[in-house]
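Below are the chains, spelled out letter by letter.
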Amino acid sequence: MQPTNYTYAGIDQSGNQYVVCLVDENGRNPHYHQGRSDTKKGQAKCLRLMDEVVKVIAPSTPLGLFLLAHHSEEKIILRGEDEHYAVWEKAGIARGKKMARFASLVLISSLQLPKPLNDKEQEALLAMQGAQMEELLRVGDASRNALMELVAGQEDEHLVQQALRLEVKSRDDTLSGENKQEETIGVEDDQSFFSQLYRELEKLR
């Protein structure tokens, strides 16, 4: 049996919990995923699910803005939670899986155009992107400073560990949704500096 080719996704969110409904191009074969929107693990899970689909409809919440920060407005379509979702709820659609599937079917039936972000949403999106950039720059600067101290000859075990941790963190792409293949390098018996550095980095993974 061939795996379902999920094309559209509808998202419902209640508090810090979200539900994603994936459906095929005919709106059939629904498949559901749940998670938390206020944790990195939950956000990463939702972001990975978006790689499987062409278009997504989501409520205009911090999670919706998070997804929009990583994809285009052509793919992530936001709808006001106090407008569309509230109207659907008043019409008798239960929040959760039923609402997520209903949203995906609405997306398919209308292929709605992206809703222009209002000033508040644009400000929140820019702030989120700015915070991400500031964090990358902060970690990068700290990593560079620690490495420069090592290059200058300061031999301190704590400094070495700090430099390695920062280097690993500066390369952290857990939200990218990419699956990296493990590489096996034969350095177990090699006592060179770079082999020891590799083993230290492996401990921090």
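Each remark here, short or long, concerns the structure printed above.
Let us look at the structure shown here. Everything numeric in this text was worked out from a predicted model, so none of it was measured.

**Comments concerning unusual backbone geometry**
Working step 1: With a phi close to 55°, Asn 29 is a non-glycine residue in the positive phi region.
Working step 2: Within the secondary structure, Asn 29 sits in the loop between strand S2 (17–23) and strand S3 (31–36).
Working step 3: A relative accessible area of 42% places Asn 29 in the partly exposed class.

**Looking at the sheet that holds strand S1 (residues 8–14)**
Working step 1: Read from one edge to the other, the open sheet built from five strands follows the order S3-S2-S1-S4-S5, with strand pairing classed as mixed. What marks the edges here is a single partner per strand, and that holds for S3 and strand S5 (76–79). Along the sheet, successive strands turn relative to each other by an average axial angle of 20°, direction set aside.
Working step 2: In terms of strand pairing, S1 meets strand S4 (residues 55–59) through three bridges, oriented parallel. Of the residues in S4, the one forming a bridge with Ala 9 is Val 56.

**Section: the packing of helix H1 (residues 40–50) against helix H2 (residues 62–70)**
Working step 1: As a packed pair, H1 and H2 sit with axes 11 Å apart at the nearest point and diverge in direction by 55°. By the angle class used here, H1 and H2 are oblique. Of the two possible hands of crossing, H1 and H2 adopt the one that is right-handed. Counting all contacts with H1, which are made through Gln 43, Cys 46, Leu 47 and Met 50, the residues of H2 involved are Leu 63, Phe 66, Leu 67 and His 70.
Working step 2: For the contact of H1 with H2, a count of residues per class yields six nonpolar, two polar and no charged.

**Regarding the pattern of salt bridges**
Working step 1: One pass over the structure, following the stated rule, counts four salt bridges.
Working step 2: Note that Asp 12 is salt-bridged to Arg 95, the shortest N-O span being 2.7 Å. Taken together, the residues span a long stretch of sequence, with Asp 12 in strand S1 and Arg 95 in the loop between helix H3 (81–90) and helix H4 (97–110) at a distance of 83 residues.
Working step 3: By relative accessible area, Asp 12 is classed as buried at 2%.
Working step 4: For Arg 36, the salt bridge is made with Asp 38, and the minimal N-O distance between the two is 2.8 Å.
Working step 5: On the basis of relative accessibility, which here comes to 40%, the residue Asp 38 falls in the partly exposed class.
Working step 6: One salt-bridge network, in which partners are shared between bridges, spans Asp 12, Glu 81, Glu 89 and Arg 95.

Conventions and cut-offs
Residues numbered from 1 in each chain as written. Predicted model: local features only at pLDDT ≥ 70, side-chain atom pairs only at ≥ 80, totals over all residues. Heavy atoms only, no water. Helix = DSSP H or I, 4+ residues; strand = E, 2+ residues; numbered from the N terminus. Buried < 20%, exposed > 50% of the residue type's maximum accessible area, 1.4 Å probe, protein only. Pairing = 2+ DSSP bridges. Axes fitted to C-alpha atoms, helices over the stretch in contact; angles between N-to-C directions. Parallel < 35°, antiparallel > 145°, perpendicular 65-115°, else oblique. Left-handed = near helix turned anticlockwise from the far one by under 90°. Contact = heavy atoms within 4.5 Å. Nonpolar A, V, L, I, M, F, W, Y, C, P; charged D, E, K, R; others polar. Salt bridge = Lys/Arg side-chain N within 4 Å of Asp/Glu carboxyl O.

Everything listed here is a matter of geometry and, on its own, says nothing about what the molecule does.
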